[in-house]
Structure formats: structure tokens, C-alpha cells
Amino acid sequence: MASKITEQQVEHVAELAKLEFPKDELGKFTTQLGSIIDMFEDLTAVDTDGVEPMTSATDRVNVMREDKAVKATKEETEALLKNAPDEDGGYIRVPVIIDESEDGE
Amino acid sequence: MDFYQTDLSQLHNDLVNKKISASELTKATFDHIKANDDQVKAFLTLNEDAATKRAQEIDDAGIAADQLVSGVPLAVKDNILTKGLTTTAASKILENFNPVYDATVVDKLNQAGFINVGKTNLDEFAMGSSTENSAFFTTHNPWDLTRVPGGSSGGSAAAVAAGDVLGALGTDTGGSIRMPASFNGVVGMKPTYGRVSRWGIIAFGSSFDQVGWLTRTVKDNAYLMALIAGNDKHDMTSSLKEVPDWAAHLNDDTSVKGLKIAVPKEYYDDLNDDVKKVVKAALDHLESLGATVDKVSLPRTKYGVPAYYILASSEASSNLQRYDGIRYGFRAKDAKNLDEVYVKSRTEGFGEEVKRRIMLGTFSLSAGFYDAYFNKAAKVRRLIAQDFDKVFENYDLIIGATGATTAFKIGAEIDDPKTMYMNDVLTVPVNMAGLPAMSVPAGFSEKNGMPVGLQIIGKPFDEQTIYNAGYVFEQTTDFHKKAPKLGGQN
């Protein structure tokens, strides 16, 4: 395992996580992450040969529900849309994602 | 109303016998909160209008003898959805979020007639051990206002400790009910994973998160827990196991005679001297009441923190991808395309600790690191769970300290995430294994007068034995009767 994380790696992970760190904060953040990741390295001392990974402590497995759509009432839809940052005519509005000026070039 | 003067059973009797009405009780509760909360800052949102209206409805309908919480004011941690009442998870990204449905636990409490007085402060998205990571303000410990209340359910613990309410809902992913209970001298129970529905709880680490209560007494905790427990068709990890009437077993006949208690040296030997002294006295007391106490070892305890922070952060990075600025929550103003909506909204909306954990999780799950970090931690999780199983082959309970220290000063650890994470060393292994565990007031530090919690860990779904031991300990000591004096005179 690599023992230190670099600023370049932090920038790459931030890109995957859809986050951004200004240049002046990147150094501090990289140092903090590096120190925590160093702590993760402690796990190399544990012998885990032949151990099954454990990802949940539930006593239930593969619980399925019926795949059934439920129609929302007008009031429910309105309440949901009130939480949207921007809406128009019953739809959630987002910024334009296609720059048409570059289309067809 | 100062809830140090009563308990749930007494309050219920007073309501049924009309010594006090739900409306009078609710008004008195808000009067008390308003007198205290400028200093404590336990509440993010007060629900005064709706609570007053609800209390009147309950008075009009009357309170039956079997409706124990009808008309009783209680508080809810602000990462639990409440329909029509702002729910923020103490994050700027959800500052104006108004849920369109109630969490199952809230729905059950509504049906039981509780009065929701408001939403309590927490570390943003329940990520933290001090309630200093709230995007809005820091909650102060009622025992000493210069100290943290612990976290992440710090607002709920402080509200109970300040006598604002008899009980407040919390969530516990790595110790977030038990640590603040310990720091505030109140009772905090994290039930077995699957015992209580997580539907409507703002997700952090889904395989760890569990809802529970912070209360002043053990019996109140047992009463209230039974109200929210049980299978829920909306939560596919919620257990089908029947919910016992835990409180009914807590009476004069409850005993710890013959109870086999294991004390892991990891939960005792490394404590600060002042905490150790309190824990030793508590263990000696249980022994004097007829329990047997043996030293054991949970050898992988020290690996719990790194393994937990890999796994819980990985789950958090996945759960928090939904905050994308599109359908709800904060959206950055100047985003010009889709990618900018995501990146700017998340960067501006999340606080530092949340970003740190998303980064740790994304890193642990990323190509090239998955096996070395996530998979390794999941294997260590199995070994930690097996260590507990092995001890429980011969013992009824595992008991030790909840935290290695008492509440620290506000600001003392905030710039040192690694030290902050290490505070959870005695609580996270329980969440790794999905076990039930409770912190009960065990005494006070001679050094600084702050409360110390005793952690009682049980076998899966054996909350009863935990409640029994906690009840006997509480009934034969008087630590829970001492109230903080706001202003730091303790």
C-alpha cells in the first residue's frame, strides 16, 4: 500500500466524488487525509487470510417487495416540487446541459 | 417544566388524573426550553405551534390509561424525517428541506400521541463526535457550557440533560447515542441492528445506522424503545423478531445475581485515571450485588476505528451521492452546466467533515484501492464480530467504559480529525457487530466534575439483559438524580 496520498491523487478522488478543493486548501486537506489513511494502514497487521468479508449485521437476506407503482396525489407532487431548487410547470428545472452553438460543427 | 422532577410513568399518571393537561405540560416545556436554550443550543427547530395544537387535540380526545406517551413532549434528532417540519441533518445542503413523509419511528410516535417539541442539533449528517460539525451552531454541554456535548446526537443528549424533555430520539452509527449519553450523564441505548426501522432516517452508513433513545432513566428508555421497535415493510433490514415488553421486567425483583459480566481489558486498562476510577467503582458495585466480573480481551478493538472509518465512509460516499443539487436541497447559483451543478452545489453545500468522509470513502472504494482498504476492512469487521461471539459463549454481558475520557473543551480537537476519530474506539466495534449497547450514568470525574458513562453491551436482540443490569445499577446508585446547574457551577 502507498503510505502517502499526493495532492494529485486528492484532486482525482475529488473529481470522482464531484467535489472541488481550492488550491490553497488542497495542501491542508491532503495532509489530513494522509494522516487518516496512514491509520488505515494499521489493518495490514491483521491476518485476514480465509476470512469472509462482512458487509452487514442484519439477520435478513434478499428481502423483496412487489414492484408496484403508486400514483402520487396532486398535493404530494406539489409538496415534492416545493423542495426542488427550481421548477416550472410541474417539472424540475435544471441549467441547459447542451451548448447548441457547438452542435454540428 | 423541569423534567428532573418526574419520569414517564409519573407524568402519565398526572395526565390521566388531570393533575396537568397536555396543553399545560406543553406550554411549560416550551417555557423551560426558552429559558435554557440560549445557553445550551440543543434545538435547531422548535415546533411550538403544531405541538400546542396537537396538545389541545389530545386534551379534547382524553388520555386513556394505556396510552403511556399520549400528551408527553419529546424531541427528535434532526436527521429523522418529520412531515411538514424542516429537517436539515444540520447541513446547509438541506437547510430548507421539508419532508413529505414521516420516518417510521415518528409515525409510530404520532400514533402513540407524543408531542414533538422540536428537532435537535447534531454533527452534519451525524458525522462527528462533538456536535461541533453542525452547519448552524455548536451545542453546549449543560454540565459545563465550555465543553462539547459529544456527538453526533449531542443536541438530543443536551436537551435531556438540561431537563427540557424526558426523552429524545438519536441515531448511532459508531457511538452517536452512547458517547453523548456518557458526556451528558444520561441513558443512551443503541438497540440491535435491525431492531428499529431506518426508514425516513437520513442515511449515513446504512449497515451501521440504528435509531434509539436518550432518556434520563433506564425504565423510560425501555418504555420508549418498545414504541419504535419492530419490523417495517419499508426497511428490508428490519428484523421480524418480536418486540418484548422490556419495561415490564424492570421492577423490585430485577436482579444481577449470578449475571456473568466480562470486562475487556481494552475497555478498562487504557482509560484516563479519573474515568478508570469511576468505572472500577461501578464494576465493584455490580459485583457486590451478586454479579461475577471477569477480565477478558477483545484483541482486535484497536482495529475497529480504522476499519469502521473505511466502511462507514464508503457507505457515506455512496449514500450522499443523492445530494446533487437537482431534485431537492441546495443548488449553487452560478452553475452553468450539469457537471457544475453537481460539483459547485456539493462543494458549497457540504461542510468540511462531510467532504472529508466522502473523500475517504471514495478513495477506499476506488480502482486499485478497493481490496487493500474496503475489502480488508470488511474482513476485519468479521473478526471483530467473532471476538464478541467468543466472549458471549461464556458471558451474559460485556461491560466497560463508553468513552476513554469525559467531555472535552469546545474547539480542543476540531482541527485534528484523527484524534477525534479515536474517541470512538470503545463504541464502534459494537456497531461493526450490530450488537445492542447502552450507556448509563456511572458517576463523575473527580478531576473536572463531568459525568462518566458505563457501557453495557449485550448479545444480539438481548436488550432485556442490558436494561436489567442498567436498571439495577441505576436504582442502587443516585448519579442519575443529580442535575446540572447551567452556568458551570457543577
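Located above this text is the structure these notes cover.
Predicted, not measured: the structure shown is a model, and the values here were computed from it.

Asker: What is the right way to look at the interface of chain B and chain A in this model?
Answerer: For an interface, size is often stated in terms of accessible area lost upon the parts coming together. Between chain B and chain A, the contact holds 71 residues from the first and 53 residues from the second. For K18 of chain A, the salt bridge identified is with D339 of chain B, shortest N-O distance 2.7 Å. Inspection of the region where chain B meets chain A yields 20 residue pairs in polar contact (both at pLDDT 80 or more). In terms of residue count, the dominant contributor to the side of chain B that touches chain A is helix α12 (residues 371–392) of chain B (13 residues).

Asker: What is the right way to read the sheet that holds strand β4 (residues 167–171) of chain B from this model?
Answerer: Sheets are built from strands that pair by backbone hydrogen bonding, the pairs being arranged parallel or antiparallel. Residues and elements named next belong to chain B. Taken in spatial order, the 11 strands of this open sheet run β1-β3-β2-β4-β6-β5-β10-β11-β9-β7-β8, and their pairing is mixed. Edge positions in the sheet fall to β1 (43–46) and β8 (292–296), since each of these pairs with one other strand and no more. Adjacent strand axes in the sheet meet at a mean angle of 30° when their direction is disregarded. Pairing of strand β5 (residues 187–190) with strand β10 (residues 437–444) involves three bridges; the strand directions are antiparallel. Paired with G188 across the bridge in β10 is S439. Across the sheet, helix α8 (residues 273–288) is in contact with β7 (260–264), β8, β9 (397–401), β10 and β11 (451–457); its angle to β11 comes to roughly 50°.

Asker: I'm lost on the pairing of β5 of chain B in this one. Help?
Answerer: A regular strand places its side chains on the two faces of the sheet in alternate fashion. Residue and element names in this part refer to chain B. The alternating pattern of β5 places V187 and M189 on one face and G188 and K190 on the opposite face, and all of these are buried. Note that β5 and strand β6 (residues 211–215) share two bridges and pair antiparallel. The residue of β6 that forms the bridge with V187 is T215.

Asker: Got a minute to help me understand the packing of aromatic side chains in this structure?
Answerer: Aromatic ring pairs are reported here in terms of the distance separating the ring centres and the angle at which the planes meet. All names here are of chain B. Under the criterion given, the structure shown has 20 aromatic pairs over all chains. Each ring, one from F125 and one from F350, has its centre 6.0 Å from the other, and the planes form 70°; the classification is edge-to-face. With F125 in the loop between β3 (115–120) and α5 (154–161) and F350 in the loop between α10 (338–349) and α11 (352–365), this pair connects stretches of sequence that are 225 residues apart. Each member of the pair, F125 as well as F350, is classed as buried. Judged by centre distance (5.4 Å) and plane angle (80°), the ring pair of F208 and Y308 falls under edge-to-face. On the criterion of sequence distance, the pair formed by F208 in the loop between β5 and β6 and Y308 in helix α9 (residues 304–319) is long-range, its members being 100 residues apart. Each member of the pair, F208 together with Y308, is buried. Taken together, F97, F125, Y323, Y328 and F350 form an aromatic cluster joined through their ring pairs. We note K41 situated over the ring of F137; from NZ or CZ to the ring centre the distance is 5.0 Å. The lysine or arginine in question, K241, covers the ring of F461, its NZ or CZ lying 4.5 Å from the ring centre.

Asker: Would you explain the pattern of salt bridges in this entry?
Answerer: Two side chains with opposite charge may pair up if their charged atoms get near one another. Following the criterion strictly, the structure yields 26 salt bridges over all chains and no others. Of the charged contacts in the structure, one is a salt bridge between R147 of chain B and D144 of chain B, with a shortest N-O distance of 3.0 Å. By relative accessible area, which is 12% here, R147 of chain B ends up buried. Its relative accessible area of 15% is what places D144 of chain B among the buried residues. Where D172 of chain B meets R178 of chain B, a salt bridge forms, and the shortest distance between an N and an O atom there is 2.9 Å. One exposure class covers both D172 of chain B and R178 of chain B, and it is buried. A single salt-bridge network, built from bridges that share partners, covers K28 of chain A together with E352, E353, R356 and R357 of chain B.

Reading the values: rules and limits
- Residues numbered from 1 in each chain as written.
- Chains lettered and ligands numbered in written order.
- Predicted model: local features only at pLDDT ≥ 70, side-chain atom pairs only at ≥ 80, totals over all residues.
- Heavy atoms only, no water.
- Contact = heavy atoms within 4.5 Å.
- Salt bridge = Lys/Arg side-chain N within 4 Å of Asp/Glu carboxyl O.
- Polar contact = N/O pair within 3.5 Å; in protein donor to acceptor, adjacent residues only side chain to side chain.
- Helix = DSSP H or I, 4+ residues; strand = E, 2+ residues; numbered from the N terminus.
- Pairing = 2+ DSSP bridges.
- Axes fitted to C-alpha atoms, helices over the stretch in contact; angles between N-to-C directions.
- Buried < 20%, exposed > 50% of the residue type's maximum accessible area, 1.4 Å probe, protein only.
- Phe/Tyr/Trp six-rings, centres within 6.5 Å; stacked < 30°, edge-to-face > 60°.
- Lys NZ or Arg CZ within 6 Å of the ring centre and 35° of its normal.

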